[in-house]
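Take a look at the letters that make up each chain.
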Amino acid sequence: MPETYTLTPIAHIQNDFPEKFGIPRQSGLVEELRARIVFEPAFRSADAVRGLETYSHLWLIWQFSAVVDAGQDGANWRPTVRPPRLGGNTRMGVFATRSPFRPNALGLSCVRLVGLDAHTPQGPVLTVAGADLMDGTPIYDIKPYLPYVDARPDAVGGFTDTTKDYALTVRFPPELLEKVPASRRAALAGVLRSDPRPSYQHDPDRVYGLSFAGLRVRFTVDGTTLTVTAVEPEE
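Keep in mind that what you see is a predicted model, and the values were worked out from it rather than measured.

Student: Give a description of the overall build of the chain that names residues and reports values.
Tutor: Looking only at helices and strands, the chain features four helices and 12 strands. Compactness check: the chain gives a C-alpha radius of gyration of 19 Å against a globular reference of 18 Å for 235 residues, within 12% of the reference. Of the contacts formed within the chain by residues at least 6 apart in sequence, a portion of 68% connects residues at least 24 apart. Accessible area of the chain: about 13,500 Å², with a carbon and sulfur share of 52%. The positive charge centre, built from 25 side chains, and the negative charge centre, built from 27, are 3 Å apart in the chain.

Next up, the structure:
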């Protein structure tokens with residue numbers, strides 16, 4: 001049995017997140033988000049997705065490509081990490097978290113299958129909801145979600161069961177909201193509601209900038225209220 005194995009991307013994701021900041025921390029948190037999965041030329045076969053439309057949800061196995069590009073791949077892994085949801089001060093074992101700083105920098109996401117077009121100029125294209133991936137992320141495998149084995153209602157969530165609710169109230173002035181395409185407004189509101197800030201940042205005067213759908217959205221957070229202060233075209 002070989003001790004090493006080379007993974008080949010079968011697809012890449014296309015969505016509205018050109019950078020990491022603002023991406024939901026887990027899949028399914030912002031159901032309004034839409035993304036396209038476009039297969040690589042070698043895997044653009046309608047036969048390969050035959051029957052996939054009969055499932056409602058999919059597992060995606062993918063790479064934290066931004067981490068690897070930054071030189072923080074398996075060669076530099078550490079046995080403990082500091083989860084943002086614990087304030088960035090408490091260390092946990094890397095295998096007790098979903099941190100991107102892992103020996104193999106692999107991610108796992110459950111997404112809802114919205115549509116499958118098997119015959120586009122790019123081959124089969126999947127549209128999914130609730131993805132927590134950055135635009136361009138390489139996908140190594142797609143598997144159907146099977147409720148009878150994958151759902152565990154009695155499961156225990158470790159430290160995530162004790163962290164606080166991060167839902168914010170979003171104040172989005174109408175004149176700024178009008179600058180956002182109508183088809184993207186619900187998704188953007190969901191991203192902002194889920195509090196994209198690191199958990200250890202609480203300065204009410206700090207202005208944050210989020211890149212989304214070709215726009216730069218600036219906002220502040222005071223307590224549990226997020227206020228959008230500017231919406232500008234991305235430079």
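After that view of the structure, there is still more to cover.
Student: If you had to explain the nonpolar core to someone new, which residues and values would you point to?
Tutor: Phe172, Leu188, Leu192, Val228 and Val231 are the most contacted members of the largest nonpolar core, which totals 23 residues. When contributions to this core are tallied by element, the ones reaching two or more residues are helix H4 (182-193), strand E10 (208-212), strand E11 (215-222) and strand E12 (225-233). If you look at the next biggest cluster of nonpolar residues, it comprises 21 residues, including Ile13, Phe39, Trp62 and Ala131.

Student: I'd love a proper account of the packing of aromatic side chains, names of residues and values included.
Tutor: This structure, assessed with the given rule, holds five aromatic pairs. Seen from their ring centres, Phe21 and Tyr208 are 6.4 Å apart, and the 10 degrees between their planes marks the pair as stacked. One end of the pair, Phe21, is in the loop between strand E1 (11-14) and strand E2 (34-39); the other, Tyr208, is in strand E10, and 187 residues separate them in sequence. The class for Phe21 is partly exposed, based on a relative accessible area of 23%. With a relative accessible area of 4%, Tyr208 lands in the buried category. Plain terms: the ring middles of Tyr208 and Phe219 are 5.4 Å apart, the flat faces sit at 20 degrees to each other, and that makes the pair stacked. Of this pair, Tyr208 sits in strand E10 while Phe219 sits in strand E11; the two residues are 11 residues apart in sequence, bridging distant segments of the chain. Like Phe219, Tyr208 is buried. Grouped by ring-pair contacts, the aromatic residues Phe21, Tyr208 and Phe219 constitute a single cluster.

Student: Before we move on, can you summarise the environment of Asn15 with the specific residues and values?
Tutor: Among the secondary structure elements, Asn15 is positioned in the loop between E1 and E2. Taking C-alpha positions, Asn15 is 28 Å from Arg82, a pair spaced 67 residues apart along the chain. If we skip the residues at most four places from it in the chain, Asn15 touches Arg34, Ala35, Leu133, Met134 and Asp135.

Student: So what about H4? Which residues, and what values?
Tutor: In a regular helix each residue adds 1.5 Å, so 12 residues correspond to 16 Å; H4 covers 17 Å between its end C-alpha atoms and thus fits that length. Residues of H4 that are buried make contact with strand E9 (169-171), E10, E11 and E12. Taken from the residues just after H4, Asp195 is the one with a positive phi, measuring 60 degrees.

Student: Could you give an account of the pairing of E1, naming the residues involved and the relevant values?
Tutor: Residues Ala11 and Ile13 of E1 are buried on one face, while the alternating residues His12 and Gln14, pointing to the opposite face, are not. Sheet topology note: the E1/E2 ladder contains four bridges and is antiparallel. Paired with Gln14 across the two strands is Arg36, which belongs to E2. Two strands pair when backbone bridges link them, and E1 and strand E8 (residues 138-144) are joined in this way by two bridges, in the antiparallel orientation. Paired with His12 across the bridge in E8 is Pro138.

Student: So what's going on with the environment of Ala42? Residues and values would help.
Tutor: Here Ala42 lies in the loop between E2 and strand E3 (57-63). Overall, the relative accessible area of 70% leaves Ala42 in the exposed class.

Student: Describe the pattern of salt bridges, and please don't skip the residues or the numbers.
Tutor: Per the counting criterion, the structure on display carries eight salt bridges. The closest approach of N and O atoms between Asp16 and Arg184, which form a salt bridge, is 2.7 Å. In this pair, Asp16 sits in the loop between E1 and E2 while Arg184 sits in helix H4, placing the two residues 168 residues apart along the sequence. The class for Arg184 is partly exposed, based on a relative accessible area of 29%. The shortest N-O distance in the salt bridge between Glu232 and Arg218 comes to 3.6 Å. With Glu232 in strand E12 and Arg218 in strand E11, this pair connects stretches of sequence that are 14 residues apart. On the accessibility criterion, Glu232 (35% relative accessible area) is partly exposed.

Analysis parameters
Residue positions within a chain follow its written sequence, with the count starting from 1. This being a predicted model, a pLDDT of at least 70 is required before a residue's local features are given, and a value of 80 or more before pairs of side-chain atoms are given or counted; all residues contribute to the totals for chains, interfaces and linings. Excluding hydrogens and water, the side-chain figures rest on all heavy atoms present in the structure. Think of it this way: any DSSP run of H or I at least four residues long counts as a helix, any run of E at least two long counts as a strand, and we number them from the N terminus. Note that the radius of gyration is over C-alpha atoms, with the globule rule given as 2.2 Å times the number of residues to the power 0.38. What makes two residues a contact is simply this: any of their non-hydrogen atoms within 4.5 Å. A 1.4 Å probe and the Shrake-Rupley method give the accessible areas. Residues count as covered only by the protein chains that appear here. Here Asp and Glu are counted as negative and Lys and Arg as positive; His is not counted, and neither are the chain ends. Note that the charge is assigned to NZ on lysines, CZ on arginines, CG on aspartates and CD on glutamates. Residue types Ala, Val, Leu, Ile, Met, Phe, Trp, Tyr and Cys, when buried and joined through side-chain atoms within 4.5 Å, form a set referred to as a nonpolar core. Here's how the labels work: a residue is buried when its accessible area is under 20% of the maximum for its type, exposed when over 50%, partly exposed in between, all with a 1.4 Å probe on protein chains only. Any two of the Phe, Tyr and Trp rings considered here, Trp counted by its six-membered ring, make a pair once their centres fall within 6.5 Å; the pair's planes then place it as stacked at under 30 degrees, edge-to-face at over 60, or tilted in between. To estimate how far a helix should extend, the number of its residues minus one is multiplied by 1.5 Å. Following DSSP output, two strands are said to pair if at least two bridges run between them. A pair is scored as a salt bridge if a Lys or Arg side-chain nitrogen falls within 4 Å of a carboxyl oxygen belonging to Asp or Glu.

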